[in-house]
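Survey of secondary and tertiary structure
The residues making up each chain are set out below.
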Amino acid sequence: MPTDQPSVTFPNGAKFPLMGLGTLMPTLQPDEKSVVDMVETALDIGYRSIDTAQVYNTETGIGKAIENKIKSGLIKRSDIFVTTKVWRTNVHRGMVVPSVEKSLKRLGLDYVDLLLIHWPTALQPSDVSFPRDGQRKLLVSDADYIDTWKEMEDCVDKGLTKAIGVSNFNSKQIQRLLDNSRIKPVNNQIEIHPFLTNRKLIDFCHGKGISVSAYAPLAGFAQDKREQMGWPTIYTDETIGKIAKKHKKTPAQVALRFIIQQNVVVLPKSSSPERLRENFEALRFELTKEEMAEIEKCNRNIRLCDDENPEHRNYPFKEEF
């Protein structure tokens, strides 16, 4: 991995770059060529961390892009950090390992660097990502994420992944994992942006030696919901705009830098080469302590990504953090 890539270090010595590429596309049935082009462009720019998930349906395109860039001599497998996530329909006993093996086949890799449980809220086993009943209600499952975790540990033992972690877990759920695990989680991927700073959960995770990665760091998710609620954007917020102007940076770069300076991995997504380069440049400047504090005050606990089943017994957002 390039020596100029700032990163967090896992207990196993692996380095997780602070700047990564998110690959959730506008549709869960993305055009494969678009995925390949996006990832190849990101690798050319200097990205060395790629984040995907079984539900994104981008693993195949990512695998082809990585293969192309390895063949061209740009990278070696050891230069890149690949994360994928076990989807909610695959978290059941006997299903985790086979689902990860299928992910690796799609990616064309022998292992991933980080494997996450995507949500603590399980859905019933299904060939579709969001199984529903006749009334279009999600078919949920009471599967215990502790049982899922034991199979995640099996994935480490089998060499399918170098490290394991979670996504969208609250502090109580993480503590329960820590109390009932043989291999500790190394990462919690959660929604973080200037309007949902998640300060207490970040501090909790860091205090337990667990790194944090941020999805939706530009608060660009759920545009319809955001517009309906009249919520701000990083491009309309006066505080972010003022700081961006001072540094001669874009609001997006300021929002990303705000998270990076907390030693939190950011995973912005874009298919635009210009935006990919712009996001990557967030590694190249610093905010002052006063500016960090100003942006922290933008927090309004605005959650853009939620689970549509808050009655699920493992719904993570009923706790304060």
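See the structure above.
Now for a description of the structure that goes with this document.

Cut-offs used in this document
Residues numbered from 1 in each chain as written. Predicted model: local features only at pLDDT ≥ 70, side-chain atom pairs only at ≥ 80, totals over all residues. Heavy atoms only, no water. Helix = DSSP H or I, 4+ residues; strand = E, 2+ residues; numbered from the N terminus. Rg over C-alpha atoms; globule rule 2.2 N^0.38 Å. Buried < 20%, exposed > 50% of the residue type's maximum accessible area, 1.4 Å probe, protein only. Contact = heavy atoms within 4.5 Å. Areas by Shrake-Rupley, 256 points an atom, 1.4 Å probe, with all protein chains shown as cover. Lys, Arg positive; Asp, Glu negative; His and termini not counted. Charge placed at Lys NZ, Arg CZ, Asp CG, Glu CD. Core = buried A, V, L, I, M, F, W, Y, C linked by side-chain atoms within 4.5 Å. 1 Å grid on protein atoms, 1.4 Å probe; cavity = no way out; pocket = protein on both sides within 12 Å on 5 of 7 lines; lining within 4 Å. Points joined across faces, edges and corners; volume = space filled by probe spheres on them. Nonpolar A, V, L, I, M, F, W, Y, C, P; charged D, E, K, R; others polar. Phe/Tyr/Trp six-rings, centres within 6.5 Å; stacked < 30°, edge-to-face > 60°. Lys NZ or Arg CZ within 6 Å of the ring centre and 35° of its normal. Arc of directions from axis to C-beta.

Check the secondary structure of the protein chain and you find 11 helices and 10 strands. The C-alpha radius of gyration of the protein chain comes to 19 Å, within 12% of the 20 Å expected for a compact globule of 321 residues. Structurally, the protein chain occupies a C-alpha span of about 55 × 50 × 40 Å along its principal axes. The buried share among the 321 residues of the protein chain stands at 56%. Looking at the protein chain alone, contacts between residues at least 24 apart form 75% of all its contacts between residues at least 6 apart. Per element, the accessible surface of the protein chain, about 14,300 Å² overall, is 47% carbon and sulfur. Each charge class in the protein chain can be summarised by its mean position, and for the 45 positive and 43 negative side chains these summaries are 2 Å apart.

This paragraph deals with the nonpolar core. With 89 residues, the main nonpolar core has Met19 and Val39 as its most contacted residues. For this core, the leading source of residues is helix H9 (residues 251-260), giving seven residues. Filtering out sequence-adjacent residues up to four positions away, methionine 19 remains in contact with Tyr47, Ser49, Leu256, Ile260, Val266, Pro268, Asn279, Phe280, Ala282 and Leu283. Within the second largest apolar cluster, 10 residues are counted, among which are Tyr56, Tyr215, Cys305 and Phe317.

Evaluation of the coordinates by the stated rule reveals two cavities of 30 Å³ or more. Taken as a whole, the largest cavity holds about 100 Å³ of empty space. Considering the residues around the largest cavity, the lining is formed by 13 residues, among which Asn198, Leu201, Arg303, Pro316 and Phe317 are closest to the centre. The residue makeup of the lining of the largest cavity, split by class, is six nonpolar, three polar and four charged. Around the second largest cavity, the lining residues are Val91, Ile117, Trp119, Pro120, Ala122, Ala143, Asp144, Tyr145 and Thr148. In the lining of the second largest cavity, the residues fall into seven nonpolar, one polar and one charged.

Attention now moves to the packing of aromatic side chains. Taken as a whole and assessed by the stated rule, the structure comprises nine aromatic pairs. On the basis of an interplanar angle of 70 degrees and a centroid distance of 5.3 Å, the ring pair of tryptophan 87 and phenylalanine 130 is categorised as edge-to-face. Placement of tryptophan 87 in the loop between strand E5 (81-86) and helix H3 (96-107) and of phenylalanine 130 in the loop between strand E6 (114-117) and helix H4 (145-157) is noted, with a sequence separation of 43 residues between them. Within the aromatic cluster, the residues linked to one another by ring pairs are Phe10, Phe16 and Phe81. The ring of tyrosine 145 is capped by arginine 176, whose NZ or CZ atom sits 5.0 Å from the centre of that ring. Seen from the ring of phenylalanine 317, arginine 303 lies directly overhead, with NZ or CZ sitting 3.7 Å from the centre.

All of the buried residues in helix H11 (residues 289-296) are Glu291, Met292 and Ile295. For H11, the angular spread of the buried residues around the axis is 105 degrees, confining them to a single face. Those residues of H11 that are exposed and aimed more than 90 degrees away from the buried face are Lys289 and Glu290. Structurally, H11 contributes buried residues whose contacts are with helix H8 (238-247) and H9.

The residue glutamate 153 is located in helix H4 in this model. Setting aside residues up to four positions removed in sequence, glutamate 153 forms contacts with Ile164, Ser181, Arg182 and Ile183.

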